[in-house]
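Reading the structure
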Amino acid sequence: MKSSPLLMYLSVMFVAVLVISNVIANHMIQLGPFSVDAGTLTFPVTYILSDVISEVYGYKWSRRIAWTALGLNAAFALLIILIVRLPQPEWYDGIYFANALSNSWRIVIASLLAFCIGDLVDDRIFRYFREKNRVKYEGKENMRGFAFRALISSLAGHIIDSNIFVFIAFAPVVFLADTGIPWYALPGMILVNILLKWGYEWAVIPITYRVTKWVGTKEDNFADK
């Protein structure tokens, strides 16, 4: 199984962004009349990295990295559950830590399921269009249709991901009197999640294209596709 330093860096970035997104998703932000979790601001980066990895290194590596990220996030959630239940010194007040991260297990579970299905759909659609539009030129693959397949595959992934994540992460607390989350806020939260994530990718697609092309030139001889 061939690897490279550049692939390692991209993999670390992918895992780090996913973990960060799950942590900051505990915080809600207001965008006009809509409420969204703060993880919406960083989570699209995982799909961008997934597209870069899929385009340059192929479907197999994209799935390997995704499963690794899912496993590490599951470990993160289990550690949070464990440490908030361990005995604490009398002089230490862990209420702030517990309030900030004690719900991370629910966020991470929602993220694991949503990302597992959403990223799989994204990868499958991206792979389908990549294989369909692959053109050989002097022994090298070009990037014809990259923007199209990246945006279409990400849209499908975001629709599935956002629906699963919001319902698992926030629907259970809608019925708790002290949460202040009304049930009618969920559809708007889902819609804004999808629009923000996809809009983010639209805005940076020129950068994504250039980064992917640069990585491709550096990894031209990468054979494990």
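Before any of the text, the structure's been laid out above.
Residues numbered from 1 in each chain as written. Predicted model: local features only at pLDDT ≥ 70, side-chain atom pairs only at ≥ 80, totals over all residues. Heavy atoms only, no water.

Along its length, the protein carries seven helices and four strands. When the helices and strands of the protein are listed from N to C terminus, the series reads α-β-β-α-α-α-α-β-β-α-α. Taking all 225 residues of the protein together, 43% fall into the buried category. Considering only contacts in the protein between residues 6 or more positions apart, those separated by 24 or more positions represent 80%. About 12000 Å² of surface is accessible on the protein, with carbon and sulfur atoms providing 69% of the total. (Helix = DSSP H or I, 4+ residues; strand = E, 2+ residues; numbered from the N terminus. Buried < 20%, exposed > 50% of the residue type's maximum accessible area, 1.4 Å probe, protein only. Contact = heavy atoms within 4.5 Å. Areas by Shrake-Rupley, 256 points an atom, 1.4 Å probe, with all protein chains shown as cover.)

Note that side chains of opposite charge can pair when their charged atoms are close. What the rule picks out here adds up to six salt bridges. Residue Arg149 pairs with Glu55 through a salt bridge whose shortest N-O separation is 3.0 Å. Of the two residues, Arg149 sits in helix α6 (residues 146-174) while Glu55 sits in helix α2 (residues 44-57), which places them 94 residues apart along the sequence. Judged on exposure class, the residue Arg149 and its partner Glu55 are both buried. Between Arg130 and Glu131 there is a salt bridge, with the nearest N and O atoms lying 3.9 Å from each other. Several salt bridges share partner residues, and in doing so they unite Glu55, Arg130, Glu131 and Arg149 into one network. (Salt bridge = Lys/Arg side-chain N within 4 Å of Asp/Glu carboxyl O.)

Judged by relative accessible area, Arg149 falls into the buried class, the value being 2%. Among the polar contacts listed, one links the side chain of Arg149 to the side chain of Glu55, at a separation of 3.0 Å. Residues within four places of Arg149 in sequence aside, it is in contact with Glu55, Phe126, Phe129, Arg130, Asn133, Met143 and Arg144. (Polar contact = N/O pair within 3.5 Å; in protein donor to acceptor, adjacent residues only side chain to side chain.)

On their own, these measurements won't tell you what the molecule is for.
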